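Survey of secondary and tertiary structure
Okay, here's what each chain looks like letter by letter:
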There are 2 protein chains.
Amino acid sequence: MNLEHLRALTAIIDEGTFEAAAYELGVSPSAVSQRIKALESALGQVVVRRGTPCSPTAAGAVLLRMARQVQLLEAETRSLLGSDGTSMTVTPVAVNADSLATWLAPFLRDAATWTDTTLDLHVEDQDHSSHLLRQGAVIGAITSDPAAVGGCRVEHLGAMRYVPVATPALRDRFLAGGSPDWAAMPVVQFNAKDDLQHRFLRDRGADPLPPRHTVPSSEGFLAAVRAGLGWGMLPELQLGEALVDGSLVLLEPEGHLDVDLYWQAWTLDSVRLARITEAVRAAARQGLRSEAAAG
Amino acid sequence: MNLEHLRALTAIIDEGTFEAAAYELGVSPSAVSQRIKALESALGQVVVRRGTPCSPTAAGAVLLRMARQVQLLEAETRSLLGSDGTSMTVTPVAVNADSLATWLAPFLRDAATWTDTTLDLHVEDQDHSSHLLRQGAVIGAITSDPAAVGGCRVEHLGAMRYVPVATPALRDRFLAGGSPDWAAMPVVQFNAKDDLQHRFLRDRGADPLPPRHTVPSSEGFLAAVRAGLGWGMLPELQLGEALVDGSLVLLEPEGHLDVDLYWQAWTLDSVRLARITEAVRAAARQGLRSEAAAG
């Protein structure tokens, strides 16, 4: 297997198109196309699904994962040998939107001091980042899945606490005998995969389920709750002064859901990966709850 | 064509799976499956690509678009007839992340007062939301594409101004003769499709291109620039007090790029769609620059 060919594959997947990959590699699009064809004829399998953007086939995902591991090791060997002082290794990592919006800031500050690594963050639901690891799209992921993906090690980072909040006006509009009318008060969800609000409603026997708005962005979700569009489960880390200044209120004094987060990363003897792991760990120690979650 | 069948199609696409669609419609998964098979045998074409999540085929997208239009009109007819005072119409709308993070707050506050509509926001790059309109996934979109999608009307909303900023420490580290060393100072990009930083660098003749980090979330992008990971083009609306308190600095006093934004929506005589259009317009008048953009 040829490293140039593997590099063409990662460039196509990272950049999305053959043209962009060619630009990135500083070669012609037809050279990129020839490298992929060479890979495909050597394997006897299609590795890239041509589309906008291009994506790896099942066989391509296996190759991609190997390619990224080799590229990471190659870059580290080069810098150990002092033969490559200037180029940066791109390290793809999956994070969930709420983590990025809250406790990951110290991780970003650490990463800013690394002169040999750039970050390629993928924002993905914590429940769904395992497939990015499996596909070889990322080398590490913050996930809510404690089951290790093959070839990865996993460690518990801590828990993120979500609390049910709304504007005082919305709460007052849907008070029924002193407590919220869960079946009627509109709710905001992050996306169709987000079941935090659903779990909370189910525990309170809400039937039918209330009208729901969908706002798939952390800052947008917060803005929607602040605008009074609906109530939502917000990370306590994201509330800032909102409870103190009264712009938002807790809908239940003790109500909360804790989501355990894990760090999964390839079992690869890599200095850069170890450094990323350490930085994620340090940020988690500062920002996450360490006790076991109790929903 | 049967409305029940069309409703099964929209539910599958919105919820992602046959099971979730069944739950949403309050019927069994096999009933959902039968409705889709009925649609497919009537058309002689596959309409749903089975997967996780399910997606519409080309034929399915055409149906989906019709289905959403019919459902919107049906809901309005019902509420005019007073026969459906309680149910809410789900209105899918595409917005770009930066708009949602900044000038759309008044739109959300307006939407919070509508008792017959819930929002289903899709966060998509302003350059790439046209295909959501074409697919029938949304009924309106904030886009940077002034060319009307077939069956849609388009209007100019205003321009969003992006300015090049960094932490003072990062700027000082990469000063070369009084101005930034654009070829060396690391840059943050939103994702592979984001070319704002590239355009800015190209205009300044940066060669080679500097190391780049990828952070695909508005608040994450801001956090990364604040952490000193790299410089970036930030919406002036998102800077808050950062320039005043000195935590971020402008890299060029006059440097900026303006991105024109447009509202595209179906040409459909719908009260709800007209109300959404009016609310988007009002928020844009408050938050966007009205003069023609000059990069």
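Chain A appears in an unreviewed UniProt entry as LysR family transcriptional regulator ArgP from Actinotalea soli. Note on chain A: under the UniProt heading Sequence similarities (unreviewed entry), the record states "Belongs to the LysR transcriptional regulatory family."

Structural notes on the packing of aromatic side chains
Aromatic ring pairs are described here by two measures, namely the spacing of the ring centres and the angle between the planes. Counted under the stated rule, the structure contains eight aromatic pairs over all chains. A centroid spacing of 5.0 Å and a plane angle of 65 degrees characterise the contact between A:Trp182 and A:Trp231, whose relative ring orientation is edge-to-face. Taken as a pair, A:Trp182 in the loop between strand E8 (179–180) and strand E9 (187–189) and A:Trp231 in the loop between helix H10 (218–226) and strand E11 (232–235) lie far apart in primary sequence, 49 residues in all. Accessibility classification places A:Trp182 together with A:Trp231 in one group, the buried group. Ring geometry for B:Phe200 versus B:Trp231: centroids 5.7 Å apart, planes at 55 degrees, classification tilted. With a gap of 31 residues between them, B:Phe200 in helix H9 (residues 196–203) and B:Trp231 in the loop between helix H10 (218–226) and strand E11 (232–235) connect regions that are remote in the sequence. Since its relative accessible area comes to 0%, B:Trp231 is described here as buried.

Comments concerning the relation of the copies chain A and chain B
For the pair of chain copies, the relating transformation is a rotation about an axis with a translation along it. Mapping chain A onto chain B leaves a residual RMSD of 0.0 Å; the transformation is a rotation of 180 degrees accompanied by 0.0 Å of translation along its axis. Given the turn and translation reported, the copies of this chain are related as if by a two-fold rotation axis. The rotation axis passes nearest to the C-alpha of A:Glu219 in chain A, at a distance of 3.2 Å. The share of interface residues of chain A whose copies in chain B are also at the interface is 100%, consistent with both copies meeting through the same surface.

Examining the interface of chain A and chain B
Between chain A and chain B, the residue contacts involve 38 residues of the former and 38 residues of the latter. Counting each side, the surface lost to burial between chain A and chain B is near 2,900 Å², with a carbon and sulfur contribution of 61%. Residue A:Glu15 is joined to B:Arg212 by a salt bridge in which the shortest nitrogen-to-oxygen separation is 3.6 Å. Summed over the shared surface of chain A and chain B, the number is 10 residue pairs in polar contact (both at pLDDT 80 or more).

Side note on the pairing of strand E13 (residues 257–266) of chain A
Residue and element names in this part refer to chain A. Within E13, nine of the 10 residues are buried, which leaves it mostly tucked inside the rest of the structure. Two strands pair when backbone bridges link them, and strand E5 (residues 140–143) and E13 are joined in this way by four bridges, in the antiparallel orientation. Bridge pairing in E13 links Ile 142 to Trp 263. As paired elements, strand E6 (residues 152–166) and E13 share 10 bridges and run antiparallel to each other. By the bridge assignment for E13, Met 160 is matched with Val 259.

Re the packing of helix H1 (residues 3–15) of chain A against helix H2 (residues 18–25) of chain A
All names here are of chain A. Taken N-terminus to C-terminus, the directions of H1 and H2 make an angle of 120 degrees; their axes are 8 Å apart at the nearest point. Taken as axis vectors, H1 and H2 run oblique relative to one another. Note that H1 runs across H2; the crossing there is right-handed. Contacts between H1 and H2 involve Arg 7, Ala 8, Ala 11, Ile 12 and Glu 15 from the former and Phe 18, Ala 20, Ala 21, Glu 24 and Leu 25 from the latter. Tallied by class, residues from the contact of H1 with H2 come to seven nonpolar, no polar and three charged.

Rules of the game
- Residues numbered from 1 in each chain as written.
- Chains lettered and ligands numbered in written order.
- Predicted model: local features only at pLDDT ≥ 70, side-chain atom pairs only at ≥ 80, totals over all residues.
- Heavy atoms only, no water.
- UniProt positions renumbered as here; feature names shortened; annotations may be inferred.
- Phe/Tyr/Trp six-rings, centres within 6.5 Å; stacked < 30°, edge-to-face > 60°.
- Helix = DSSP H or I, 4+ residues; strand = E, 2+ residues; numbered from the N terminus.
- Buried < 20%, exposed > 50% of the residue type's maximum accessible area, 1.4 Å probe, protein only.
- Least-squares fit on C-alpha atoms with pLDDT ≥ 70 in both.
- Contact = heavy atoms within 4.5 Å.
- Buried area = accessible area lost by both parts, 1.4 Å probe.
- Salt bridge = Lys/Arg side-chain N within 4 Å of Asp/Glu carboxyl O.
- Polar contact = N/O pair within 3.5 Å; in protein donor to acceptor, adjacent residues only side chain to side chain.
- Pairing = 2+ DSSP bridges.
- Axes fitted to C-alpha atoms, helices over the stretch in contact; angles between N-to-C directions.
- Parallel < 35°, antiparallel > 145°, perpendicular 65-115°, else oblique.
- Left-handed = near helix turned anticlockwise from the far one by under 90°.
- Nonpolar A, V, L, I, M, F, W, Y, C, P; charged D, E, K, R; others polar.

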